[in-house]
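# Reading the structure
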Amino acid sequence: MEFDIECKGPMDTLHAILTRVLAVKLAGIGLENSLENRQSLRELLFTTSNIEEFISGVILFEETLYQDTKNGTPFVKILQDKGIIPGIKVDKGVVTLPGTTETTTQGLDGLSERCASYYKQGARFAKWRAVLKIGNGMPSQLAIEDNAHGLARYAAICQANGLVPIVEPEILSDGSHSIEQCASITQNVIAHCYKALNDHHVFLEGTLLKPNMVLPGTEVPQVDPRIVAALTVNVLQQTVPPVVPGINFLSGGQSEEEATMHLNEMNRVQGKKPWTISFSYGRALQASTLKIWQGKPENIRAAQNVFFERCKANGLASLGQFEGNETRGESLHVKNYTY
């Protein structure tokens, strides 16, 4: 089945927040992690006027895919009416890779049946997150190969069920590694992913890549955004086939401002970039919106205005046209981040 993604990025995605992660976020603004509060936040985000100018898709979780607004309109329909493509997170989280202190991602059992159900509900793309760490001999060759093959099997299953797979090999920013170490390891990991995708006969033209940016560890001083951009683009040039239509970066705990600046600088790097370079942010799109909302109906409009501005800033950064003078802002890093 052919699926033509007509987007602004080709896929600028809002990564909606998983229920258990929302528990932490809602607690941070003094709210109970109730179904009603989760519904209210999602409704605030999805009904923000004109976000479709900058957002092409939303990665939902199973609860949200089947959830309605307070007036009974399915969230999927709200998005579709805006021309935004619904997507779905299909992995079941990470578990310890036996015999190591590293992780592998679970969720392949029953995936084909779930993908068919998600497609019927309106999802048109999916995502699967693999997680690797730097330091103390990590990532091991075993972890790299295991996670690459998991991503490839997931991608093949998705395509068999009409879903476009987002391939997400995330290297956590935890630690004291240098940016050069991150570049070398990121290049190795992505190269193994594309080897596995080819081995599994995945149609690369019908995939998207969601990698980490090349950054130094969070425990050492950060570097100029132009250095981040140059090293990250070089890694992509060394590893990502030109037939891949788009690369959508995860924010990985960067502040809202850092995520925007780094994306903007990548799109200003000169040289061959045959893919669209865009974003798939969760925390880096929503953090300030949550702070302003505070769960109060009277704050919805102000929160939506801030959310729209974050979407706009990253939409412009996807074109290398963001001209703001943003500082690094408050870090959103969470050590060993899982969801």
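No experiment lies behind these values; they were computed from the predicted model shown. (Residues numbered from 1 in each chain as written. Predicted model: local features only at pLDDT ≥ 70, side-chain atom pairs only at ≥ 80, totals over all residues. Heavy atoms only, no water.)

## Observations concerning the overall build of the chain
In terms of regular secondary structure, the chain is built from eleven helices and ten strands. For the chain, buried positions account for 58% of its 339 residues. The long-range share in the chain, meaning contacts at least 24 apart out of those at least 6 apart in sequence, stands at 81%. Split by element, the accessible area of the chain, about 14000 Å² in all, is 50% carbon and sulfur. (Helix = DSSP H or I, 4+ residues; strand = E, 2+ residues; numbered from the N terminus. Buried < 20%, exposed > 50% of the residue type's maximum accessible area, 1.4 Å probe, protein only. Contact = heavy atoms within 4.5 Å. Areas by Shrake-Rupley, 256 points an atom, 1.4 Å probe, with all protein chains shown as cover.)

## Here's the deal with unusual backbone geometry
In this structure, the amide linkage connecting methionine 138 to the following residue, proline 139, adopts the cis form with an omega of 0°. Positive phi outside glycine occurs at asparagine 136, with the angle close to 55°. Mapped onto the secondary structure, asparagine 136 falls in the loop between strand E6 (125-132) and helix H6 (141-160). Non-glycine residue histidine 201 carries a positive phi angle of around 60°. Here histidine 201 lies in the loop between helix H7 (179-199) and strand E8 (208-209).

## Considering the pairing of strand E10 (residues 276-281)
Counting buried residues in E10 gives five out of six residues, a clear majority hidden from the surface. Bridge count between strand E9 (residues 246-249) and E10: four bridges; the pairing is parallel. Looking at the pairing, asparagine 248 lines up with serine 278 of E10. At this point the chain moves from E9, through helix H9 (residues 256-266), to the parallel E10, and the crossover so formed is right-handed. (Pairing = 2+ DSSP bridges. Right-handed = clockwise from strand over helix to strand, strands pointing away.)

## Quick word on the environment of threonine 207
Within the secondary structure, threonine 207 is located in the loop between H7 and E8. A relative accessible area of 1% means that threonine 207 is categorised as buried. When near neighbours in sequence (up to four residues on either side) are disregarded, threonine 207 contacts Gln159, Val164, Pro165, Val202, Val244 and Pro245. Of the polar contacts made by the side chain of threonine 207, one reaches the backbone oxygen of leucine 204; its length is 2.8 Å. (Polar contact = N/O pair within 3.5 Å; in protein donor to acceptor, adjacent residues only side chain to side chain.)

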